[in-house]
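# Remarks on the overall topology
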Amino acid sequence: MYDFVVVGAGPAGSRFSRRAAERGYDVLALERGSVGEPLACSGHVSTDIWEFTPEGAREELLQNEVFGARFHVGGPASDDYPFYKREVISNVIDRVGLDRRLADAAREAGVDLREHHSVSTVEERPDRVAVTATGPDGTETFEARMVAGCDGPVSRVRRELGLPEPGEKLQGVLGFSTDEDPGDFVDVHLTAPRFFAWRIPRGEAGVEYGLAAPPGSEPPARELFESFTDEYGTETGDFCAGMIPVGPAETVTSRRGLLIGDAAAQTKPFTGGGILYGMTAADHAAREIDPERPSTLADYESAWREDLATEIRLGHWIRRAYSLPEPVQRVGLSAFSGEIGVHMDKPTSFFSTEHLSKLLSRS
Ligand SMILES: Cc1cc2nc3c(=O)[nH]c(=O)nc-3n(C[C@H](O)[C@H](O)[C@H](O)COP(=O)(O)OP(=O)(O)OC[C@H]3O[C@@H](n4cnc5c(N)ncnc54)[C@H](O)[C@@H]3O)c2cc1C
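Residues numbered from 1 in each chain as written. Predicted model: local features only at pLDDT ≥ 70, side-chain atom pairs only at ≥ 80, totals over all residues. Heavy atoms only, no water.

## Notes on the overall build of the chain
Selection criterion: In this description a helix means any DSSP run of H or I spanning at least four residues, a strand means any run of E spanning at least two, and both kinds are numbered starting from the N terminus. Radius of gyration here is computed from C-alpha atoms only, and the compact-globule reference equals 2.2 Å multiplied by the residue count raised to the power 0.38. Categorising residues by exposure relies on relative accessible area from a 1.4 Å probe, with only protein chains included: less than 20% of the type maximum marks a residue as buried, more than 50% marks it as exposed, and the intermediate range marks it as partly exposed.
From N to C terminus, the chain includes nine helices and 18 strands. The C-alpha radius of gyration of the chain comes to 21 Å, within 12% of the 21 Å expected for a compact globule of 363 residues. Overall, the C-alpha framework of the chain stretches about 60 × 45 × 40 Å when taken along its three principal axes. With 363 residues in all, the chain has 55% of them scored as buried.

Rendered as structure tokens:
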């Protein structure tokens, strides 16, 4: 019997698997497809990402360094309100490469990571879980002390364990043009319903255009995306789409199961980014949970919420500003734009001494 069966080898699953194996646990990770595919992510992350990756990853994965964001209330021709730092705020990275690197690190730590294994059922029993998956050699049931659902926004494990769904799921779409752009700024357009559209310069890898909106929006996300790229006068290819969960739910643990990452809606409500929060929660899970003691699942719930719940709550407040009337948005953006001292994963840093002194020094 394994200590953990981990379902999904995205950032959250590979990180948790690796950390749990390093603590001496016997870990089986099951991934439905090939690690990293299909792509449905911008890979725009704070520089903290490199604290989670193996040595040498930065040189291999980094596509561009970003110093700030230009906010627009309208399309590309509208006024922009820049928010920036004098040092690098964030990195644009090869997201497929990231997943592969993290999975390799998990394997090196001793994880039995099997691709092309799609999990269909999870059964919780008093002393174990039984996880059934279909792979190249047929359907097999694996037993473990616990199951970790790291299977993304539309989580099968969440459903099988009867855990609550995230409050909301946004529809994200993106595409790429081949124009090289090593620019220092991303562009954020507050034109999509209750969210935004973006343009990300990816260096030699081209330019990414994308947007997210609630499902059922009129016009639909795909149409909004086409009007957005038309406004930029650009053609995009390699179109992809995915869901962005916004939450989280009141519980992400069951008797012998836990959720991590998008399955647990551990994302930033104001950007949809979940790579860093998911891996942060994975570290809490690996540190707190002893698979022989189901009561330690409660310690995971407390630890990740203590670390991230306030950031997520403030993130919801920031997102509300995307739906304010345009004149109010203009006033707010012009009041706060300029040099900032904010960490992109930590809305609480808005109240940091560094940021407040930057704001005061402008007046
Ligand atoms: C359009 C878009 C843009 C985004 N941009 C950013 C960004 O710039 N920065 C950022 O931080 N975040 C971004 N995100 C969010 C980010 O992609 C997620 O937060 C992140 O991928 C979550 O990692 P995860 O490991 O929890 O889940 P995932 O990366 O979704 O991994 C889940 C894995 O589980 C596997 N799986 C699913 N079901 C099963 C099953 N039944 N059996 C076995 N395996 C299964 C999947 O194949 C997948 O490999 C974006 C999302 C979208 C949709």
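## Focus on the sheet that holds strand β6 (residues 80-84)
Note the cut-off: Strands are treated as partners if at least two bridges between them are detected by DSSP.
The strand order β16-β12-β15-β14-β13-β5-β6-β18 describes an open sheet built from eight strands, whose pairing is mixed. At either margin of the open sheet sits one strand with a lone partner, and together these are β16 (237-246) and β18 (338-339). Relative to β16, strand β12 (residues 168-177) runs antiparallel, the two being bridged by eight bridges. Within the sheet, the bridge partner assigned to Q171 lies in β16 and is M243.

## Notes on the sheet that holds strand β3 (residues 44-46)
Here is the rule: What counts as an axis is a line fitted to C-alpha atoms, over the stretch in contact for a helix, and the angles between N-to-C directions run from 0 to 180 degrees.
The antiparallel open sheet is built from three strands, whose spatial order is β3-β7-β4. The strands lining the two open edges of the sheet, one partner per strand, are β3 and β4 (62-66). Strand-to-strand twist in this sheet, taken as the mean axis angle between neighbours without regard to direction, amounts to 30°. When β4 meets strand β7 (residues 90-93), the two strands line up antiparallel, connected through four bridges. For V66, the partnering residue across the bridge sits in β7 and is S90.

## Digging into the nonpolar core
As a reminder, the rule being used: By convention a nonpolar core is built from buried Ala, Val, Leu, Ile, Met, Phe, Trp, Tyr and Cys residues, the set being connected through side-chain atoms within 4.5 Å. Here, two residues are considered to be in contact whenever any of their heavy atoms come within 4.5 Å of each other.
Ranked by internal contacts, the top residues of the largest apolar core, which has 50 residues, are F16, V131, I260 and Y300. Each residue touching I260, except ones within four places of it in the same chain, is listed here: A12, F16, G149, C150, Q266, G278, A281, A282, A285 and Y300. Ranked by size, the runner-up nonpolar core spans 28 residues in total, among them V73, V92, V188 and F196.

## Brief notes about the layout of surface pockets
Note the cut-off: Any residue with an atom within 4 Å of a point lines the site, the site being either a cavity, points on a 1 Å grid over the protein atoms alone where a 1.4 Å probe fits but cannot get out, or a pocket, an open set with protein on both sides within 12 Å along at least 5 of 7 lines. Grid points are joined across faces, edges and corners, and a volume is the space filled by probe spheres set on the points. Residue classes follow a fixed rule: Ala, Val, Leu, Ile, Met, Phe, Trp, Tyr, Cys and Pro count as nonpolar, while Asp, Glu, Lys and Arg count as charged, and any other residue, Gly among them, counts as polar. What fixes the domain bounds is an automatic or database domain assignment.
Of the pockets and cavities examined, the second largest pocket occupies roughly 180 Å³. Listed by contribution, the elements that provide at least two residues to the lining of the second largest pocket are α6 (275-288) and α7 (297-320). Per-class residue counts for the lining of the second largest pocket are four nonpolar, one polar and six charged. Taken domain by domain, the makeup of the lining of the second largest pocket includes at least three residues from each of domain 1 (1-37 + 96-167 + 248-321) and domain 2 (44-93 + 168-246 + 324-363).

## Focus: the packing of α6 against α7
Put simply, the rule is: Put simply, angles under 35 degrees are roughly parallel, angles over 145 are roughly antiparallel, angles from 65 to 115 are roughly perpendicular, and the rest are oblique. By convention the crossing between two helices is left-handed if the near helix lies anticlockwise of the far one by an angle smaller than a right angle, and right-handed if it lies clockwise.
α7 packs onto α6 with a crossing angle of 155° between their chain directions and a minimal axis gap of 8 Å. By the angle class used here, α6 and α7 are roughly antiparallel. The two elements α6 and α7 cross, and the hand of that crossing is right-handed. In contact with Y277, T280, A281, H284, A285, R287 and E288 of α6, α7 contributes D299, Y300, A303, W304, D307, L308, E311 and I312. Here the contact of α6 with α7 is composed, by residue class, of eight nonpolar, two polar and five charged.

## Here's the deal with the side chain of R15
Residue placement: R15 occurs in helix α1 (residues 11-22). Not counting residues up to four positions away in its chain, the partners in contact with R15 are E51, F52, M279, A282 and D283.

## Quick look at the site of the ligand
Basically, it comes down to this: Note on definitions. A residue lies near a molecule or strand when any single heavy atom of the residue is within 4 Å of it. Under the rule applied, a polar contact is a pair of N or O atoms within 3.5 Å (in protein, one hydrogen donor and one hydrogen acceptor; residues adjacent in sequence only if both atoms are side-chain atoms).
With respect to spatial proximity, 34 residues lie near the ligand, and among them E31, H44, R95, V119 and D262 are the closest. Contact between the ligand and V119: a nitrogen atom at 2.9 Å from a main-chain N or O atom of the residue. Listed by contribution, the elements that provide at least two residues to the shell around the ligand are α1, β3, β9 (118-124), β12 and β16. No other element matches β16, which puts three residues into the shell around the ligand.

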